[in-house]
Amino acid sequence: MDALNKKTVEDIDVAGKKVLVRCDFNVPLNGSSITNDKRIVAALPTIKYLIENDAKVILCSHLGRPKGEYKPEFSLAPVAERLSEYLEKEVTLAEDKEVVGHNARTMAKNLQNGDVMLLENVRFRQEETLNSDNFSQELASLAEIFVNDAFGTAHRAHCSTTGVASYLPAVCGFLIQKEIEFMGGALANPKRPLVAILGGAKVSDKIGVISNLIDKCDTIIIGGGMAYTFMKYLGHSIGTSLLEVDWIEKAGKMMKDAENKGVKFLIPIDNKVGKEYSENTEAMVVNSDEIPDGWMGLDIGPATQKLFTDAIKGAGTVIWNGPMGVSEWKEFEGGTVAVANAVADSGAISIIGGGDSVAAVTKLGFADKMSHISTGGGASLEFLEGKELPGIMALQDKD
């Protein structure tokens, strides 16, 4: 897909125009307190650009899963408050249970250049996730331009991500632009060698990504729970490790495809195993073909750490999705730490995509050493699979 050719907010004149911006303000809350505001901070460059260029800014987002009805605990009121602090100007919330109601219409009508307002949670309307035309039209009726800056929902065809784009000129904000440039660039024209590191629990979740990357990568590294399905294909005994029986043959086919295309395909050669799935379980290191009955692999072992880190050392571009083991447990974080260290030290363009690997890299303190940390979990996976993301496809192409 030619996501790299989409118009951005800098390609249009926004002065004096009402601009509807789809942000990703789906922040974690404890009661009405925001516990992590990274997503709000990520949206600021686009919002500030619009303010500085005299736009009348109307923000919208979802939060949580209110399932199509008004629920006060999913109100965006705390987001409006936090935005006001960051922007040092009042961001007023249009308190309409139906999202586009009397308050929203009146406020939008009275906006002055540089003003910012926020609509209520778009998922208070069940039409949002159904991508119903009537709600798309209601949202579009408030504005003259649409800016999508919510990469985390770009893989969803909803009213506020794609529906609105049928009625307004639609461009991307800086956050989506950065995602497209880094991830799209890494797939279309990578600095080589291109190394993909794929971890996490299930082969079935990553099969599309692996298949797509075999055509593009020089080396593919497999860790995490999904590695045991590949080991099983090789005839290794894997004890009680995670296994997707239905995917053994497919795993083998991918290894053969990689071999036929001259792509290095690395899987663990030793593992840190535990007696049970527990943080304080008895643990030991064994070779991949020697996992005893009753034991399960919970991390890669030291020989594998060396194998993987050596492969990362000379990389030009690294794409990493998914931890190498149960990295939230101290005893089994070693593999993920070793890989994070190697990526940070490699000097490669490093792209971290997807929730668990982002959480691991952030928790272990490597976030600022990575070139790009994707803001989208499901969206970044689908992008890496080569799928077209509706929220990006709906945007206007550059001339």
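Structure first, text after, so check above.
Predicted, not measured: the structure shown is a model, and the values here were computed from it.

Observations concerning the sheet that holds strand E7 (residues 145–148)
So, point 1. Reading across the sheet, the six strands line up as E5-E6-E4-E1-E7-E8 and stay open at both edges, with parallel pairing between neighbours. Each edge of the sheet is formed by a strand with only one pairing partner; in this case those strands are strand E5 (91–94) and strand E8 (170–172). The mean angle between the axes of side-by-side strands here comes to 25 degrees, regardless of whether they run parallel or antiparallel.
So, point 2. Of the pairings in the sheet, the one linking E5 to strand E6 (residues 116–119) comprises four bridges and is parallel in character.

Examining empty space enclosed by the protein
A water-sized probe rolled over the atoms picks out the places where empty space is left.
So, point 1. Counted according to the given criterion, the structure contains one cavity of 30 Å³ or more.
So, point 2. Computed from the structure, the largest cavity encloses a volume of approximately 30 Å³.
So, point 3. Residue lining of the largest cavity: Asp 24, Arg 39, Ala 42, Leu 175 and Thr 375, and that is the complete set.
So, point 4. Of the residues contributing to the lining of the largest cavity, the split by class is two nonpolar, one polar and two charged.

Let's talk about the state of the cysteines
So, point 1. Applying the stated criterion across every chain yields a total of zero disulfides.
So, point 2. Cysteine Cys 172 remains unbridged, with the sulfur of Cys 23 as its closest cysteine sulfur at 13 Å.
So, point 3. For Cys 172, a relative accessible area of 1% gives the class buried.

Some details on the side chain of Asp 270
So, point 1. By secondary structure assignment, the location of Asp 270 is in strand E12 (residues 270–274).
So, point 2. No salt bridge forms around the buried Asp 270; measuring N to O, its nearest opposite-charge neighbour Lys 272 is 11 Å away.
So, point 3. Of note is the side chain of Asp 270, whose polar atom sits 2.6 Å from the side chain of Thr 304.

Focus on the layout of surface pockets
So, point 1. A volume near 1100 Å³ is recorded for the largest pocket.
So, point 2. Forming the boundary of the largest pocket are 44 residues, of which Asp 24, Arg 39, Thr 375, Gly 376 and Gly 377 lie nearest the centre.
So, point 3. Those elements giving two or more residues to the lining of the largest pocket turn out to be helix H1 (38–52), helix H7 (174–188), helix H13 (355–363) and strand E17 (372–373).
So, point 4. By residue number, the principal contributor to the lining of the largest pocket is H13, which donates five residues.
So, point 5. A per-class count over the lining of the largest pocket returns 12 nonpolar, 21 polar and 11 charged.
So, point 6. Taken as a whole, the second largest pocket holds about 570 Å³ of empty space.
So, point 7. Taken together, 31 residues line the second largest pocket, and the ones lying closest to its centre are Gly 200, Ala 201, Pro 323, Gly 325 and Asp 356.

Considering the pattern of salt bridges
Side chains carrying opposite charge are able to pair once their charged atoms draw close together.
So, point 1. All told, the structure shown has 16 salt bridges when counted by the stated rule.
So, point 2. Of the charged contacts in the structure, one is a salt bridge between Asp 11 and Lys 398, with a shortest N-O distance of 3.7 Å. Of the two residues, Asp 11 sits in the segment before strand E1 (18–22) while Lys 398 sits in the segment after helix H15 (390–393), which places them 387 residues apart along the sequence.
So, point 3. Since its relative accessible area comes to 35%, Lys 398 is described here as partly exposed.
So, point 4. Notably, a salt bridge pairs Glu 333 with Lys 330, separated by 3.1 Å at the nearest N-O pair.
So, point 5. Through salt bridges with shared partners, a single network forms among Asp 37, Arg 82 and Glu 85.

As for H1
So, point 1. With 15 residues, H1 extends 22 Å between its outermost C-alpha atoms, agreeing within 8% with the 21 Å of an ideal straight helix rising 1.5 Å per residue.
So, point 2. Along H1, the positions that sit buried rather than exposed are Ile 40, Ala 43, Leu 44, Thr 46, Ile 47, Tyr 49, Leu 50 and Ile 51.

A word on the sheet that holds strand E16 (residues 349–352)
So, point 1. Pairing in this open sheet of six strands is parallel, and the strands run E11-E10-E9-E15-E16-E17 from one edge to the other. Each having just a single partner strand, strand E11 (264–266) and E17 make up the two edges of the open sheet.
So, point 2. Pairing between strand E9 (residues 194–198) and strand E10 (residues 219–222): four bridges, direction parallel. Considered in E10, the bridge of Leu 198 is made with Ile 222.

Reading the values: rules and limits
Residues numbered from 1 in each chain as written. Predicted model: local features only at pLDDT ≥ 70, side-chain atom pairs only at ≥ 80, totals over all residues. Heavy atoms only, no water. Pairing = 2+ DSSP bridges. Helix = DSSP H or I, 4+ residues; strand = E, 2+ residues; numbered from the N terminus. Axes fitted to C-alpha atoms, helices over the stretch in contact; angles between N-to-C directions. 1 Å grid on protein atoms, 1.4 Å probe; cavity = no way out; pocket = protein on both sides within 12 Å on 5 of 7 lines; lining within 4 Å. Points joined across faces, edges and corners; volume = space filled by probe spheres on them. Nonpolar A, V, L, I, M, F, W, Y, C, P; charged D, E, K, R; others polar. Disulfide = S-S within 2.5 Å. Buried < 20%, exposed > 50% of the residue type's maximum accessible area, 1.4 Å probe, protein only. Lys, Arg positive; Asp, Glu negative; His and termini not counted. Salt bridge = Lys/Arg side-chain N within 4 Å of Asp/Glu carboxyl O. Polar contact = N/O pair within 3.5 Å; in protein donor to acceptor, adjacent residues only side chain to side chain. Expected span 1.5 Å × (residues − 1).

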